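Structural characterization, general
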Amino acid sequence: RHTLLKLGHETPTPVQAAAIPVLREGHDLLVSAQTGSGKTAAFLLQALERLAEPSTGPRGAPRVLVLAPTRELALQVEQAALRYGRGLRRLRTVSLIGGAPFGPQLRRLAEGVDLVVATPGRLADHLERGRVDLSAVRLLVLDEADRMLDMGFVDEIEAIAKRLPLSLIHISSPRD
């Protein structure tokens, strides 16, 4: 809370006021709102709250996964997480994005991370090579999911979903 006040966040936006209680209860959520409405803060604040609790998964395995359609958005999300997470004792993040060298990404993964922000293609590549363990993920965010699907990432997203804990995946089908 102190960090949020220092960043100028005194009252939640309407999106945050609606989304955060639902996320706190552990429900799935679909949010569609304009840029600047506070969507990123809404999901990151809940993610950081969860990361403040001790991990029960494998040591160093990420507990939060954010998928984003572009490297620019992924980097923005990671920077926002670091900004909002200043008050956490130790927050370890990594951006797994195309167009960036594998070396630094592999070093961060080897050191252990709490939060992974990734583009679907690069994360799928790391998964195929056995470089990242998603078994401890407890929160999955598909940031701009519609855009990822428009960009043709459906196969990568499905491959990633298969590597997530079954308890995290909720599949619904349209009613006839």
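Attention in this report is confined to the structure presented alongside it. Keep in mind that what you see is a predicted model, and the values were worked out from it rather than measured. Here the residue numbering is sequential within each chain, running from 1 through the sequence in written order. Predicted model: local features are reported for residues with pLDDT of at least 70 only, side-chain atom pairs are reported and counted for 80 or more only, and whole-chain, interface and lining totals are derived from all residues. Side-chain numbers here rest on the full set of heavy atoms in the structure, without hydrogens or water.

What follows concerns the overall build of the protein chain. Starting at the N terminus, helices and strands are each numbered in turn, a helix being any DSSP run of H or I of at least four residues and a strand any DSSP run of E of at least two. Each helix and strand in the protein chain was counted, giving eight helices and four strands. Listing each helix as α and each strand as β along the protein chain from the N terminus yields α-α-α-β-α-β-α-β-α-β-α-α. Burial statistics for the protein chain: of 176 residues in total, 41% are counted as buried. Long-range pairs, those at least 24 residues apart, make up 65% of the contacts in the protein chain between residues at least 6 apart in sequence. Here, Shrake-Rupley sampling with a 1.4 Å probe gives the accessible areas, and only protein chains in the shown set may cover a residue. Of the accessible surface of the protein chain, which amounts to about 10,700 Å², a share of 50% is contributed by carbon and sulfur atoms. Buried, partly exposed and exposed residues are distinguished by accessible area as a fraction of the type maximum, computed with a 1.4 Å probe on protein chains only: under 20%, between the cut-offs, and over 50%, respectively. By definition, residues are in contact when any of their heavy atoms lie within 4.5 Å.

What follows is about the nonpolar core. Burial of nonpolar side chains together is a common tendency in soluble globular proteins. L44, V64, V66, V77 and L115 are the most contacted members of the largest nonpolar core, which has 21 residues in total. Elements that contribute at least two residues to this core include exactly α3 (39-51), β1 (64-67), α4 (71-84), β3 (115-118) and β4 (139-142). Counting 18 residues, the second largest nonpolar core, distinct from the first, contains L65, L67, L109 and I157. The nonpolar core is taken to be a set of buried Ala, Val, Leu, Ile, Met, Phe, Trp, Tyr and Cys residues, with the residues joined through side-chain atoms within 4.5 Å.

Our focus in this paragraph is the sheet that holds strand β2 (residues 93-96). Strand order in the open sheet formed by four strands is β2-β3-β1-β4, with parallel pairing between adjacent strands. The open sheet has two edge strands, β2 and β4, and neither has a second partner. Each strand of the sheet is rotated relative to its neighbour by a mean of 15 degrees, with strand direction disregarded. Two strands form a pair only when DSSP identifies at least two bridges running between them. For β1 and β3, the ladder comprises four bridges, and the chain directions are parallel. Across the sheet, the residue bridging to V66 is V117, located in β3. Under this scheme, a helix contributes an axis fitted over its contacting stretch, all axes are lines through C-alpha atoms, and angles between N-to-C directions fall in the 0 to 180 degree range. Its contacts with the sheet place α3 against β1, β3 and β4, and it is angled at close to 160 degrees to β4.

Right, let's talk about the pairing of β2 for a bit. Judged by which residues are buried, β2 turns out to be covered on both faces: T93 and S95 on one side and V94 and L96 on the other are all buried. Sheet analysis places β2 next to β3, joined by four bridges and oriented parallel. When the sheet's bridge partners are listed, T93 is paired in β3 with L115.

Distances and angles like these do not, on their own, reveal function.
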